[in-house]
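# Residue-level structural notes
Chain residues, written in single-letter form:
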Protein chains: 2
Amino acid sequence: MPYGCGVTKTSSPERTAPVDESQLRPAGRATRAAIEAAARTLFAERGFEAASVRAIATEAGVDPALVIRHFGSKEALFLRTLDTSAGVGAVLDGPLETVGRRLVAYFLDPERPAVRHRYLALAQAAHRDQVREEMVRYTAETYVARLAPRMEGADREVRAVLVVAQINGLLNLLFQQEDPIVSGADTATLVALYGDAIQGVLTP
Amino acid sequence: MPYGCGVTKTSSPERTAPVDESQLRPAGRATRAAIEAAARTLFAERGFEAASVRAIATEAGVDPALVIRHFGSKEALFLRTLDTSAGVGAVLDGPLETVGRRLVAYFLDPERPAVRHRYLALAQAAHRDQVREEMVRYTAETYVARLAPRMEGADREVRAVLVVAQINGLLNLLFQQEDPIVSGADTATLVALYGDAIQGVLTP
DNA sequence: GGACTCGGTCAACGCCGTTGACTGGTTGAC
DNA sequence: GTCAACCAGTCAACGGCGTTGACCGAGTCC
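One structure accompanies this document, and this report is about it. (Residues numbered from 1 in each chain as written. Chains lettered and ligands numbered in written order. Predicted model: local features only at pLDDT ≥ 70, side-chain atom pairs only at ≥ 80, totals over all residues. Heavy atoms only, no water.)

Our next topic: the packing of helix α6 (residues 99-108) of chain B against helix α9 (residues 156-176) of chain B. Residues and elements named next belong to chain B. Interhelical geometry of α6 versus α9 gives an angle of 30° and a closest axis separation of 11 Å. Between α6 and α9, the interaxial angle falls into the category roughly parallel. Here the hand of the crossing between α6 and α9 comes out right-handed. Side by side, α6 and α9 meet where L103, V104, F107 and L108 of the first sit next to V163, I167, L170, L171, L174 and F175 of the second. Residue classes in the contact of α6 with α9 are distributed as 10 nonpolar, no polar and no charged. (Axes fitted to C-alpha atoms, helices over the stretch in contact; angles between N-to-C directions. Helix = DSSP H or I, 4+ residues; strand = E, 2+ residues; numbered from the N terminus. Parallel < 35°, antiparallel > 145°, perpendicular 65-115°, else oblique. Left-handed = near helix turned anticlockwise from the far one by under 90°. Contact = heavy atoms within 4.5 Å. Nonpolar A, V, L, I, M, F, W, Y, C, P; charged D, E, K, R; others polar.)

Structure follows, in structure tokens:
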């Protein structure tokens, strides 16, 4: 009888979840890192939709199935590639009276091109449930938790979230729609105009 | 000889573009309208990604290929289903000193659930080039053209576009991310807080 | 009545994310 | 030293996607 007698079948303990990262041999850990690096590159270069699992696998030099086995799904892999980018944290921790303009200046800084790619990839994946939840969590943890306790007046948490709304809206027009009017505007003008609008919500 | 002698072949005049709407017989015009209606329904119900061409065709009772033949592509069909929704135009044409709050109240009005679906579908399709261009055009035609001529001070066009940025950001947090803080906030509070922030850009 | 065009179907193409069956190599207990 | 268990990885396939091109039947026009 070919392929051994009887059914080998092992134990097969619920083959649904991705492989456990904690118990990996060095080889597995290396290819896992390679996949993650390839994903980071391609998601940034092409966006969430256009960066296919197959392309990521090719870039990493492995089989597409291995990508899924390691991370569970394309969405979960994408979440792993989102670095928290602590840069904005420092801006938020600065003087509250100037956060508005400093925030806009941070996101418009041409020295930080990764901001653009990160936003575009996130915006494309925002309709996936896990991604959406991660964005909500990030907003609460990074913006609300830092700003609200230092603010004064009523509706502190709501006002902190409205800061995020304004930032997202600006990045949307700039990076996704590439609106010619706002894209062609002077950086200093945007920082002053939009920064003050944001500031008005923070410290009215 | 079956199927006629020789190659029929007709003339086949560049079979790349979709069928011309102007010269349609009644039957064609009817099914075309049915496809458009089905698309409108499914795009609103499921969003751009989840509303497949096949599902739209089934809903309309036709073959999926016919959808493409009529409209050229899924993206083009989607653009056809975008009604300009003149509602916001009336808001923008009202008194300039109160546009901020009235805009927010308009978009938060629970009597207007279509606003939510329209935004979600648009946001999901925003990474397609034609859709992106349509959004830019809509911003310029609906917002900038109405607001900028009535404003005072410098950078009128930029400031008008920044109003769009703020609105988009709010809708993003409300409808796409469904942020619990802003979703749970009182409507009147949001109208006052965010409306005044918008107003600050319009009439500083 | 024949050429032509329109309305429509059908089968397929090449992609996509994901799954399950399978092969080997490594490990660890006896 | 053996052998079972397990990790790493491949392979072929599934169902679904948007889109294409070949094809047919019915209507229209000269």
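It takes a turn of 180° to lay chain B on chain A, together with a shift of 0.0 Å along the axis; the resulting RMSD is 0.0 Å. Classification of the inter-copy transformation places it as that of a two-fold axis. When each C-alpha of chain B is compared by its distance to the rotation axis, B:G169 comes out closest, at 1.9 Å. Taken together, the interface assignments show that 100% of the residues at the interface of chain B recur at the interface of chain A, consistent with an identical surface on both copies. (Least-squares fit on C-alpha atoms with pLDDT ≥ 70 in both.)

Let's shift gears to the pattern of salt bridges. Under the definition given, this model contains 20 salt bridges over all chains. Across the pair B:E141 and B:R137 runs a salt bridge, and its minimum N-O distance is 2.7 Å. Of the two residues, B:E141 and B:R137 both sit in helix α8 (residues 129-147), 4 residues apart, roughly one turn of that helix. Each member of the salt-bridge network shares a partner with another, and the members are A:E36, A:R40 and A:R80. (Salt bridge = Lys/Arg side-chain N within 4 Å of Asp/Glu carboxyl O.)

This paragraph deals with helix α9 (residues 156-176) of chain A. Residues and elements named next belong to chain A. Taking 1.5 Å per residue as the helical rise, α9 with its 21 residues ought to reach 30 Å, and the 29 Å between its terminal C-alpha atoms agrees with that figure. Summarising burial for α9: 19 of the 21 residues are buried, a large majority. Backbone geometry just after α9 places E178 at a positive phi near 50°. (Expected span 1.5 Å × (residues − 1). Buried < 20%, exposed > 50% of the residue type's maximum accessible area, 1.4 Å probe, protein only.)

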